[in-house]
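Single-letter residue listing:
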Amino acid sequence: MNSPVVVDRANPARAFLKDEAYLQIKGRLLSGAYAPGSFLSERQLARDLGMSKTPVKTALERLEGEGYITVSPQQGILVRELSIREIVDQYEIRTALETFVVKTLAGRLSEAQVDSVRTNLDAYAQLRKRPDVTAAVSLDATFHTQFIDFLGNQEIARVFTQLRDRMQRIVTRVFQMSSQRIEGSHNEHRAIAEAVINGQGEVAAKLIAAHLERGKQLILAPRE
């Protein structure tokens with residue numbers, strides 16, 4: 001779960017720097033710029049971000065609380081590698097949520113929602129000619145999130161939002177490990193979308209479960 005943004009009302013500039021450091025470092029963690037298992041330097045981070053060590057230290061404490069890094073006097077700042085159990089847990093909850101969502105939405109999308117889905121698929125299709133991991137991760141997130149948004153269940157949306165950042169790290173790794181996965185993922189997305197649009201709820205649920213299982217197996221295979 002993401003930590004709440006704490007606003008320092010006595011010093012808005014200081015609060016801004018804390019939040020900016022947090023967002024910048026977290027963005028690099030999610031994109032894979034700071035790879036799992038690597039070590040970070042508080043001093044180097046401050047230099048890279050063009051700010052003092054104080055907001056960087058606060059940001060690192062927040063990121064440690066969220067499970068992205070481990071800070072110890074002996075080892076320093078270590079970018080955490082998600083455990084097999086954490087990865088499996090996240091895929092399991094996504095499968096439970098997303099199979100329910102696509103079954104419920106099947107045959108119920110508005111014309112505007114169908115257009116939105118097809119626009120996402122068309123943009124994704126362009127990556128088959130020019131693979132781009134960053135763009136693929138963004139389009140993948142949009143594809144899955146849009147169905148959550150279409151459903152309109154605020155509790156499901158809240159849980160999915162909490163998963164989104166951690167899943168971004170995993171999806172990024174999957175695409176980095178296999179460039180062919182971008183095309184495979186697009187094909188699976190298209191099949192899922194067509195099933196939802198055509199009212200085939202059970203088919204859509206099976207397809208999205210298989211889609212998530214493929215991603216899980218790709219990320220776990222080197223660890224097992």
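Throughout what follows, the structure given in this document is the object of discussion. (Residues numbered from 1 in each chain as written. Predicted model: local features only at pLDDT ≥ 70, side-chain atom pairs only at ≥ 80, totals over all residues. Heavy atoms only, no water.)

In this section: the sheet that holds strand β3 (residues 76–79). Overall, antiparallel pairing links the 3 strands, which are arranged β1-β3-β2 in an open sheet. Where the open sheet ends on each side, the last strands, each with one partner, are β1 (39–40) and β2 (69–72). When β1 meets β3, the two strands line up antiparallel, connected through 2 bridges. For Leu40, the partnering residue across the bridge sits in β3 and is Ile77. (Pairing = 2+ DSSP bridges. Helix = DSSP H or I, 4+ residues; strand = E, 2+ residues; numbered from the N terminus.)

Turning to the packing of helix α4 (residues 84–105) against helix α7 (residues 154–177), a few remarks are in order. Where α4 contacts α7, the axes come no closer than 10 Å and their chain directions differ by 125°. Judged by the inter-axis angle, α4 sits oblique to α7. As for the relative orientation of α4 and α7, their crossing is left-handed in sense. In contact with Ile87, Gln90, Tyr91, Ile93, Arg94, Leu97, Glu98, Phe100 and Val101 of α4, α7 contributes Ile156, Val159, Phe160, Leu163, Arg166, Met167, Ile170 and Val174. Among the residues forming the contact of α4 with α7, the class breakdown is 13 nonpolar, 1 polar and 3 charged. (Axes fitted to C-alpha atoms, helices over the stretch in contact; angles between N-to-C directions. Parallel < 35°, antiparallel > 145°, perpendicular 65-115°, else oblique. Left-handed = near helix turned anticlockwise from the far one by under 90°. Contact = heavy atoms within 4.5 Å. Nonpolar A, V, L, I, M, F, W, Y, C, P; charged D, E, K, R; others polar.)

Spanning 15 residues, helix α5 (residues 111–125) covers 21 Å between terminal C-alpha atoms, matching the ideal 21 Å at 1.5 Å per step. Of the positions making up α5, those classed as buried are Gln113, Val114, Val117, Asn120, Leu121, Tyr124 and Ala125. The buried residues of α5 occupy one face: seen down the axis, they fall within an arc of 140°. For α5, the exposed residues lying more than 90 degrees away from the buried face are Glu111, Ala112 and Thr119. (Expected span 1.5 Å × (residues − 1). Buried < 20%, exposed > 50% of the residue type's maximum accessible area, 1.4 Å probe, protein only. Arc of directions from axis to C-beta.)

Bringing helix α9 (residues 201–220) into the picture now. Its 20 residues give α9 an end-to-end C-alpha distance of 29 Å, which sits within 8% of 28 Å, the value for a rise of 1.5 Å per residue. Residues of α9 that are buried: Gly201, Ala204, Ala205, Ile208, His211, Leu212, Gly215, Lys216, Ile219 and Leu220. Down the axis of α9, the buried set is contained in an arc of 160°. They therefore lie on one face. Facing away from the buried side of α9, by more than 90 degrees, are the exposed residues Glu202 and Lys206.

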